[in-house]
Amino acid sequence: QVQLVESGGGLVQPGGSLRLSCPASGSISSIAAMDWYRQAPGKQRELVATITSDGSTNYRDSVKGRFTISRDNAKNTVYLQMNSLKPEDTGVYYCYAFITAVGSNWPANYWGQGTQVTVSS
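If you're wondering where the values come from, they're calculated on a predicted model, not measured in any experiment.

**Q** Can you walk me through the state of the cysteines in this structure?
**A** Here, the word disulfide means a covalent bond between the sulfur atoms of two cysteines. In total, this model carries 1 disulfide according to the counting rule given. Here C22 pairs with C95 through a disulfide, and the sulfurs are 1.7 Å apart. With C22 in strand β3 (residues 18-25) and C95 in strand β9 (residues 91-101), this residue pair connects regions lying 73 residues apart in the sequence. When its relative accessible area of 1% is taken as the criterion, C95 is described as buried.

**Q** Mind showing me how you'd approach the sheet that holds β3 here?
**A** Note on sheets: strands pair through backbone hydrogen bonds, and any given pair is parallel or antiparallel. Taken in spatial order, the 4 strands line up as β1-β3-β8-β7 in an open sheet, and their pairing is antiparallel. Edge positions in the sheet fall to β1 (3-4) and β7 (67-72), since each of these pairs with one other strand and no more. For β7 and strand β8 (residues 77-82), the ladder comprises 6 bridges, and the chain directions are antiparallel. Its bridge partner being in β8, R71 is matched across the sheet by V78.

Rules and cut-offs
Residues numbered from 1 in each chain as written. Predicted model: local features only at pLDDT ≥ 70, side-chain atom pairs only at ≥ 80, totals over all residues. Heavy atoms only, no water. Disulfide = S-S within 2.5 Å. Helix = DSSP H or I, 4+ residues; strand = E, 2+ residues; numbered from the N terminus. Buried < 20%, exposed > 50% of the residue type's maximum accessible area, 1.4 Å probe, protein only. Pairing = 2+ DSSP bridges.

Here's what the structure looks like:
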């Protein structure tokens, strides 16, 4: 029953901003790190940003200073604020989390379905 559903993608002009959200729903006991990945057409999926359970963050070099990952543990949600967007940021953005469900003794990896971000004039 655990599910991640991204939202907030869309079409934006270069220099614009988008805020992606990814709430985890279902019966959840705990969530470890939460990440954002993206995949451009014909390219491998790449890690964009990660945030640990205690709030430590890391970013790939190409988005440093422009993107901010955050999480709201009370809402089981990870966010990605994207500013100064560039055409090369275009792709499908996926959230990822390592989640222990209620009633389970073991965590599992969960992926969202992806949300399209297109940066174009």
